[in-house]
Amino acid sequence: MHRSADPEGGSNLRFGLLGPVEVRRNGRPVPLGSPKQRALLTALLLEPNRVVSIDRLVMAVWDEEPPRSAVANVRTYVNRLRGTLGDGDRLTARPPGYVLTVHPGELDVSEFADALRQGRQALSAGRPETALRHLSAALTRWRGAPAEDVPRSAALGPRLDALAEQRCLALEAQAEARLMVGEHAEAVPELRETVAAHPTRERLWSSLMLALYRTGDSAAALAAYGQARAFLAEELGVEPGPELAELHRRVLHRDPALLAVPPFPAPDPSHPAPVPKTGPQTGRTTGPAPAPSAGPGCLVSLVGRDPELNELVAAITAAHPRPVRPVAVHGPAGVGKSALALHAVRMAAPAFPGGVFHVDLRTLPRPGAYETLARLLGLLGLADDEIATDLDDAVLQLGNATAGRRVLVLLDNVTDEGQVRPLIGACPGCRFVITSRMVLGALDDVDHLPLAPLTDDAAYELLVRLCGRDRVDPEQVRRVARLCDNLPLALRIAGKRLAVRREWTLAAFADMLACEEHRLDLLTCGDLSVRSALDLDYQALRQCGGTANGSALALFHRLGERGMADCGSATAAGLLGRDRRTAWAALGRLADLRLMKPIAPDHYRMNDLTRLYAMEIARTAGKPANGNSAV
């Protein structure tokens, strides 16, 4: 929680009901006594600065028939709470009961309600990015179920249930705002987690279906409807309501109107897109475009990425000579390429009136050039039966569909140049942004933007924003960040786990991460997983033939067997039992796939998370391959 300043110089107090009941004085938790004493405090905090009668306090504390000593016991609890708060003026007697004084900025319920109100107002006014900032801020106040450590009496239960309902409304509004700003692919994982926690909320299911459909995965959208229908039947004994059923019908018939909201609408007026500064003669950018000072991406996903964001937006909007140059962002697994590209594309969207489109190759069943092209043609409005079955004919269709239009296309999670080369050549007026792990060196006339792990300071800030500043132990935050290799994906997972598991201190979590046997397990949250991200690179290596790939695979296993992170050609040759040229080729291939990084001439290194993954693979793969064969 944030701390509030006492204008008269007294101790800082913070009250929390959005999770276990807590009171903090000067940032430190204070003991709150027995469950009945916490129940009394909860009743007072639900009506701050208002008199709560002794009769109502009795009803809040005792769900069953109260004892004859109930009124005396309430007075005892009040006196103990006064001592706990350390401020006699906070909790005062006022007929017919007591009033707890709470100043602005001291109660998480009030802060949540204010942020929720502002978010819903901004959403109604058509300002989704502003709405998303407020709604995200509102939801970060939650640490668990409301007053989850207090017995639910007949008096308290409905009030606490109402708070839980407000949280669900905030989640629904946040999902709506994310779809309005075009965060379809980004929203899917969190929406899956949210509907699993709230399976009877039809608005959340609708948002998940729409997000899946707009990423091009209509089959998954239909499957989500089936899950929603099953949950509603099991939990409530009802069929989906008319709105959800109508959305199912429209997805089933591939209604193009569902794509009418562009994936990347213009930013809010309060955070205008940057206008590149142009030189008087060349028309090229002469300075980086300023990133917005806030916004959903900058709040969490893009912490520490201002220089890269500025450079990418400037490259997208720069006036290159024809043909325009694609911009390719590359970097290792979990480094945040897609988040950066998505935000940059949203910022640059006003410069592309012909439309902005996002094709995530990870969602394609066989992501070759034709499948990529067919997905893009579908987003441009062609029905499935209108798309040519021949690659060359489909290329011509793409040229015709984009002729005379200034179009921006994000090709996300590309694995090789062949997937995108025909598209780039088909429409010289389009601007392409590409994300990939490998450097796509075989593409001509491309602006390459490398993305590295975060700096120590940026990793610290990202983790603090995710787990909450009220829990900050600077030394332990930096320790957790180091154990996450400063990778945004690992940091995001760690922050989410800490945000949910409030009983874990940062020191305890760091100690758990320090155990190498369990680190990759801890860096998994729902469908976010460092292990799964690394596995994509390993499987790509396994599926490729050839001597270099076979040697690289064998070397990866040998390094994993020994838990080695550093390697040069001489060491690699010894591990493989092969010559130095073969060893160089194997190391180069591992570097291409970002499983290792060159840090000096003839010196390569794995980060710690990759080393732990290699050790897991070596334990499970059995006998490693020969130097010229795949396992």
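The rules we used
Residues numbered from 1 in each chain as written. Predicted model: local features only at pLDDT ≥ 70, side-chain atom pairs only at ≥ 80, totals over all residues. Heavy atoms only, no water. Core = buried A, V, L, I, M, F, W, Y, C linked by side-chain atoms within 4.5 Å. Buried < 20%, exposed > 50% of the residue type's maximum accessible area, 1.4 Å probe, protein only. Contact = heavy atoms within 4.5 Å. Phe/Tyr/Trp six-rings, centres within 6.5 Å; stacked < 30°, edge-to-face > 60°. Lys NZ or Arg CZ within 6 Å of the ring centre and 35° of its normal. Helix = DSSP H or I, 4+ residues; strand = E, 2+ residues; numbered from the N terminus. Arc of directions from axis to C-beta. Pairing = 2+ DSSP bridges. Axes fitted to C-alpha atoms, helices over the stretch in contact; angles between N-to-C directions. Parallel < 35°, antiparallel > 145°, perpendicular 65-115°, else oblique. Nonpolar A, V, L, I, M, F, W, Y, C, P; charged D, E, K, R; others polar. Salt bridge = Lys/Arg side-chain N within 4 Å of Asp/Glu carboxyl O. pLDDT = per-residue confidence, 0-100. Expected span 1.5 Å × (residues − 1).

Some details on the nonpolar core
Move 1: In terms of nonpolar packing, the biggest core is built from 90 residues, with Ile316, Val480, Val530, Leu555 and Phe556 touching the most fellow members.
Move 2: With sequence-adjacent residues up to four places away left out, isoleucine 316 is seen in contact with Val327, Ala344, Val345, Ala348, Phe352, Leu408, Arg431 and Val433.
Move 3: Counting 78 residues, the second largest nonpolar core, distinct from the first, contains Val23, Leu123, Leu132 and Ala221.

Describing the packing of aromatic side chains
Move 1: Considering all chains together, one arrives at seven aromatic pairs under this definition.
Move 2: In this structure, arginine 406 packs its charged tip against the face of phenylalanine 352, placed 4.4 Å from the ring centre.
Move 3: One cation-aromatic arrangement involves arginine 478 over tyrosine 460; the distance from NZ or CZ to the ring centre is 4.4 Å.

Here we look at helix α24 (residues 569-576)
Move 1: Within α24, the full set of buried residues consists of Ser569, Ala572, Ala573, Leu575 and Leu576. Along the long axis of α24, the arc covered by the buried residues comes to 165°, so they all point the same way.
Move 2: Buried positions along α24 lie against α23 (547-562), β16 (566-567) and α25 (580-592).
Move 3: Phi turns positive, to about 70°, at glycine 577, one or two residues after α24.

Considering the sheet that holds β16
Move 1: Read from one edge of the open sheet, three strands run β16-β18-β17, paired in antiparallel fashion. The strands lining the two open edges of the sheet, one partner per strand, are β16 and β17 (597-600).

Considerations on the packing of helix α22 (residues 530-543) against α23
Move 1: As a packed pair, α22 and α23 sit with axes 8 Å apart at the nearest point and diverge in direction by 135°. Considering their axes alone, α22 and α23 lie oblique with respect to each other. Counted together, Tyr538, Leu541 and Arg542 of α22 and Asn549, Ala552, Leu553, Phe556 and His557 of α23 form the full contact between these two elements.
Move 2: Across the contact of α22 with α23, the residue classes break down as five nonpolar, two polar and one charged.

Section: the pattern of salt bridges
Move 1: Going through the model one piece at a time under the given rule, you end up with 40 salt bridges.
Move 2: The salt bridge partner of arginine 178 is glutamate 190, with a shortest N-O separation of 3.2 Å. Residue arginine 178 is found in helix α6 (residues 156-180), and its partner glutamate 190 is found in helix α7 (residues 184-197); the two are separated by twelve residues along the sequence.
Move 3: On the accessibility criterion, glutamate 190 (22% relative accessible area) is partly exposed.
Move 4: Close ionic contact of glutamate 461 with arginine 465 constitutes a salt bridge, the shortest N to O distance being 2.8 Å. Of this pair, glutamate 461 and arginine 465 both sit in helix α17 (residues 456-467), separated by four residues, roughly a single helical turn.
Move 5: A single network of salt bridges, built from pairs that share partners, joins Arg178, Glu183, Glu186, Glu190, Arg346, Arg492 and Lys496.

Regarding the sheet that holds strand β3 (residues 28-29)
Move 1: Ordered by their spatial adjacency, three strands build an open sheet running β1-β2-β3, and the pairing between neighbours is antiparallel. Strands with a single pairing partner mark the edges of an open sheet, and in this sheet they are β1 (13-16) and β3.
Move 2: In the sheet, β1 pairs with strand β2 (residues 22-25) via four bridges, with the strands oriented antiparallel. What sits directly across from arginine 14, in β2, is arginine 24.

What about the confidence of the model for the chain?
Move 1: Considering every residue of the chain, the mean pLDDT works out to 83; 89% of them sit at 70 or more.
Move 2: The least confident element of the chain is strand β8 (residues 285-287), whose mean pLDDT is 28; the most confident is strand β18 (residues 603-605), at 95.
Move 3: Predicted confidence for residues 261-299 stays below pLDDT 50, and this span has 90 contacts to residues more than four positions away or in other chains.

Focus on helix α3 (residues 70-85)
Move 1: Taking 1.5 Å as the rise per residue, α3 with 16 residues should run 22 Å; its terminal C-alpha atoms sit 22 Å apart, in good agreement.
Move 2: Of the residues making up α3, those classed as buried are Ala70, Val74, Tyr77, Val78, Leu81, Thr84 and Leu85. Projected onto a plane normal to the axis of α3, the buried residues spread over an arc of 120° and lie on a single side.
Move 3: Against β1, β2, α1 (35-45), α2 (54-61), β5 (91-94) and β6 (97-100) lie the buried residues of α3.

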